[in-house]
Every structure is written in C-alpha cells, then in structure tokens.
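Next come the chains, spelled out residue by residue.
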Amino acid sequence: MSNEPSAQTLTVRAGLESDEQYGAVVPPLHLSSTFTYEGYGKPRKYDYTRTANPTRDALAEALAELEGGVGATVTSTGMAAITLVCQLVDPGDLVIAPNDCYGGTFRLLTGFARRGLFRLELIDQTDAAELDRVLAQNPRLVWVETPTNPLLRIVDLRKLSRRLLDSDALLAVDNTFLSPVLQRPIEFGADLVVHSTTKYLNGHSDVVGGAVVATTAELHEQMQYWANAIGLTGAPFDSFLTLRGLRTLHARMRLHEENAAALADLAVGHAAVRRVYYPGLHDHPGHTVAKRQQRGFGGMLSLELAGREPAARAFLEALKYFSLAESLGGVESLASHPWSMTHGVVDEDSKRTAGLCPGLIRLSAGIEATADLVADVEHALDCALDAVAVAPDGFSALA
Ligand SMILES: *Cc1c(COP(=O)(O)O)cnc(C)c1O
C-alpha cells in the first residue's frame, strides 16, 4: 500500500478528527480574533487571528498537502495572494507575465510596475522567441497561468522551469483554472503555486479567497511574514466554508470536465462558431503539453463566434442554464464576455495583442446535467446565427 494518499482521499479527509476537546469529526470553526496566554510569559500556539488561526490553518494544511508544498498561506482573496507574491520582488527587478493573464492580475501588475515597484514584460509565453528575449534579461519572477484566461493557452511548465534553473528567477504558477486535482505545478518545477480559492477550490460561488503554496520553508516564511505584516490573511469563516467546499473537489472536477468536453464537441461542429478554445481538442496547439502536465482538461472553454459582438450578445441573451456573470469554477454554469467583462480594465490594444476579440465568449461549465447544458448552448448558438443573418453589418462579419 502506498503511504501517499491520493488527492481524492486528501480532499475528503484533510484535517478530520483534529478536535481534541469534543472529538468533532469536522474541524471546528474558531472565530475568535484573539487567544489567551496560558499565563504570564506563556503564549499558546495561537495569539491573534491576523497572524494565525486554527480554522485557517486547517485549510492551509490541506492546500499545501494537495499541491505538494511545504506550507500554504491563506489570503482574503486571490488578488491578495498575488499581492503577497509581489513582495518577493524589489524595485528594478523584472517580472514576466502572460499578456492574456487574468484581468485583475493585469491591473495589479501594470499598476505596481507604473509605480516603480518592479519592471514588467507581458508576453505570449507560448511564443518561444518572445520567451527567449525576456528570459535573457534575467527576470526575478516569472508569473505563469496555464491554461491562460480566456484563451486557454498551455505553457510547458517543465520546459520553462528547466530554463530557469541556472538563474535567480522564481517560478510562480496561478493554478486557479485546474486545481491540484488536475494539475500540480510543483511536480514540474514551480517555486510557488497561487490560487483564487474563490473558484474551483471552494466551488460554490459563496466565498472570495486565495492562497499561496510555497516549496521551501524560506519562501513559506516570507509569505507568512508579509501576510501578517500587510494584513491580508483570510477570515476564519471563509476558511471553514472553503475547506467544506474542498471536500467534493475531486467529484466536481470530473463533472466540470465532462460537461466542458461535451460543449467543446458541440461547438466545433456549429456554423456560428469560428473557433473553439479547449485544451482537450486534438487540434488545440497546447493539447500534447496539456496531456503531459495535466490530469484532465478542465471545465473552462472559450468560443469565438463568427458574428462578432452582435452574435455574442444574441448568444448570451438566449442562454437559460448559464448565468451571465464573471468568475468561474462554481457548481453552476456561467457565461461571460471577456471583452467587456473580465478584461474590461484592459485597454483595447492590449486586448487585441493578447488575441481577444468582441466575439469571444468564455464558458465555465458547471455540474448540471450534460444534456441540459448541450441543448442550451446549441439553442443559443442557433440564435447567434439568426442574429447576424438579420443584422446587415453582422452579416458581412460572417462572410
Ligand atoms: C479570479 C482569479 C484571480 C483573482 O482572484 P479573486 O479571488 O477574485 O481575488 C486570479 N487569477 C485567476 C486565474 C482568477 O480566475
């Protein structure tokens, strides 16, 4: 018998039976902001919740174990986790990030760079020549999202981490889109793994949170130090809910993926669709790498509609089982329009450079019945086709 439990077992059992007072099976929720000293000069394990809290620690330990790191720092949001990683960089240092990264990450990194906190290069990290150019400049931090958002580009983590071996660069991977059930970046050489736990890890769209998993004690200590110093640690109640959500992560990821794959197959054959972005498709440029470094293709896909914005609008308005909302990774299906929503903060030139267009739709496949979602999207795609057929400028866009 192997002594390493599988992720499926870990998500269910992490932190169970840790209550010594009553033998509660589930770790209790400790809301207290402060903890007594046992006596004069005798501090206990916990003293103040900003610094550390037992409920938050239960979640942190589960996440560290799932990702294969030495420790995790649980933060109040995903953006707080990214802010935390930025503390490892000094003025003058170079940060490299994908040009189609999460819109909030784009806003934070460009904002910090503008204030001189570091230098920033945004590139298509799947472009070998571009990567050569920026890696030659000796970066301090290489920020990676794989798959990227919303174009689902795949970055070869092993290849990238090998290239960074002889340098001081830290490799940080935002693993929000897949969760540790489908991808463990540390196995491929990442130094830090970042999550917006708001998404798949919690999975029920009722908590905003984040985490940074570190691979060395030193990095973990730095993350803990800055999380306490800045004050961006996660709330105990949020940690409790996120740990509860985590219990079903494995089962949810299977259903998310099943539904996303069915939707991708449907979209590939539909006349309203110009292009389908899903790493599970054989002709996706990152398919082979995704197969190697992922344990599945995930629940996210994007569709470029032939009729541009009018088609996107008709499609989104026709959907019944997809809510028009930002975010992803919850049990319910969501549809979004990256051009005007998640990437609304990105200027138009940067959006075009990153490959975004007004006809692009991003879908977060939930865990509803596959047949219901497929019928819903098929109907909405038919409506998209009808909409451009009657709008003269839309019609020319189809040609
Ligand atoms: C949502 C998201 C974030 C930001 O997380 P919040 O919890 O919203 O602060 C960062 N990266 C990715 C890939 C995300 O999807």
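Rules and cut-offs
Residues numbered from 1 in each chain as written. Predicted model: local features only at pLDDT ≥ 70, side-chain atom pairs only at ≥ 80, totals over all residues. Heavy atoms only, no water. Domains from an automatic or database assignment. Buried area = accessible area lost by both parts, 1.4 Å probe. Salt bridge = Lys/Arg side-chain N within 4 Å of Asp/Glu carboxyl O. Polar contact = N/O pair within 3.5 Å; in protein donor to acceptor, adjacent residues only side chain to side chain. Pairing = 2+ DSSP bridges. Helix = DSSP H or I, 4+ residues; strand = E, 2+ residues; numbered from the N terminus. Contact = heavy atoms within 4.5 Å. Axes fitted to C-alpha atoms, helices over the stretch in contact; angles between N-to-C directions. Buried < 20%, exposed > 50% of the residue type's maximum accessible area, 1.4 Å probe, protein only. Near = heavy atom within 4 Å. Areas by Shrake-Rupley, 256 points an atom, 1.4 Å probe, with all protein chains shown as cover. Left-handed = near helix turned anticlockwise from the far one by under 90°. Nonpolar A, V, L, I, M, F, W, Y, C, P; charged D, E, K, R; others polar. Core = buried A, V, L, I, M, F, W, Y, C linked by side-chain atoms within 4.5 Å.

**Student:** Which residues make up the domain arrangement of the chain, and what values do they have?
**Tutor:** On domain assignment, one finds that the chain holds domain 1 (7-246) and domain 2 (249-388). For domain 1 versus domain 2, the separation of C-alpha centres amounts to 26 Å. Counting each side, the surface lost to burial between domain 1 and domain 2 is near 3,400 Å², with a carbon and sulfur contribution of 61%. A salt bridge links arginine 295 to glutamate 187; the nearest nitrogen and oxygen atoms lie 3.4 Å apart. Counting across the domain 1 and domain 2 interface gives 14 residue pairs in polar contact (both at pLDDT 80 or more).

**Student:** Now, about the sheet that holds strand E12 (residues 360-364): what can you tell me, with residues and values included?
**Tutor:** Strands sit in the order E8-E9-E12-E11-E10 across an open sheet of five strands; the sheet is mixed. The sheet terminates laterally at strand E8 (273-277) and strand E10 (323-324), the two strands that pair on one side only. Of the strand pairs in this sheet, strand E9 (residues 300-305) and E12 are connected by five bridges, and their pairing is antiparallel. Bridging from a neighbouring strand, serine 302 pairs with arginine 362 of E12. Taken strand by strand, helix H10 (residues 249-268) contacts E8 and E9, and its axis lies near 15 degrees from that of E9. Contacts from helix H12 (residues 308-318) reach E9, E10, strand E11 (334-336) and E12 within the one sheet, and its direction differs from that of E9 by about 130 degrees.

**Student:** Hey, could you go over the pairing of strand E5 (residues 170-174) for me, with residue numbers and the actual values?
**Tutor:** Across the five residues of E5, five count as buried, placing the element largely inside the fold. The alternating pattern of E5 places Leu170, Ala172 and Asp174 on one face and Leu171 and Val173 on the opposite face, and all of these are buried. The pairing of strand E4 (residues 141-145) with E5 spans five bridges and is parallel. In the strand pairing of E5, valine 144 is matched with valine 173.

**Student:** Lay out the site of the ligand in plain terms, naming residues and giving numbers.
**Tutor:** Taken together, 14 residues are adjacent to the ligand, and Met79, Asp174, Ser196, Thr198 and Lys199 come closest. Within the contact set of the ligand, an oxygen atom lies 2.9 Å away from a backbone nitrogen or oxygen of methionine 79. Protein chains bury 92% of the 380 Å² of accessible surface belonging to the ligand in isolation. Broken down by element, the residue count for the shell around the ligand peaks at three residues, all from helix H3 (residues 78-85).

**Student:** Quick rundown of the packing of H3 against helix H4 (residues 103-114)? Include the residues and the values.
**Tutor:** Taken N-terminus to C-terminus, the directions of H3 and H4 make an angle of 35 degrees; their axes are 10 Å apart at the nearest point. In this structure, the crossing between H3 and H4 has a hand that is right-handed. Facing Met79, Ile82 and Thr83 of H3, the residues of H4 in contact are Gly104, Thr105, Leu108 and Phe112. Counted by class, the contact of H3 with H4 contains four nonpolar, three polar and no charged residues.

**Student:** So what's going on with the nonpolar core? Residues and values would help.
**Tutor:** If you look at the biggest cluster of nonpolar residues, it comprises 51 residues, and the most contacted ones within it are Leu63, Val142, Val144, Leu160 and Leu246. Among the elements that line this core, the one with the most residues is helix H2 (residues 54-67), at seven residues. Looking at this core, you find at least three residues from each of domain 1 (7-246) and domain 2 (249-388). With near-sequence residues (within four places) excluded, valine 142 lies in contact with Ile96, Gln125, Leu135, Leu160, Leu164, Ala169, Leu170, Leu171 and Ala172. Val273, Val276, Phe297 and Val377 belong to the second-largest nonpolar core, a separate cluster that totals 34 residues.

**Student:** Give me the lowdown on unusual backbone geometry, citing residues and values where you can.
**Tutor:** The step from threonine 146 to proline 147 runs through a cis peptide bond, and the omega angle for that step is 0 degrees. Mapped onto the fold, proline 147 is located in the loop between E4 and helix H6 (157-163). Not every positive phi belongs to a glycine, and leucine 152 is a case in point at roughly 55 degrees. Structurally, the position occupied by leucine 152 is in the loop between E4 and H6. For leucine 152, a relative accessible area of 1% translates into the label buried.

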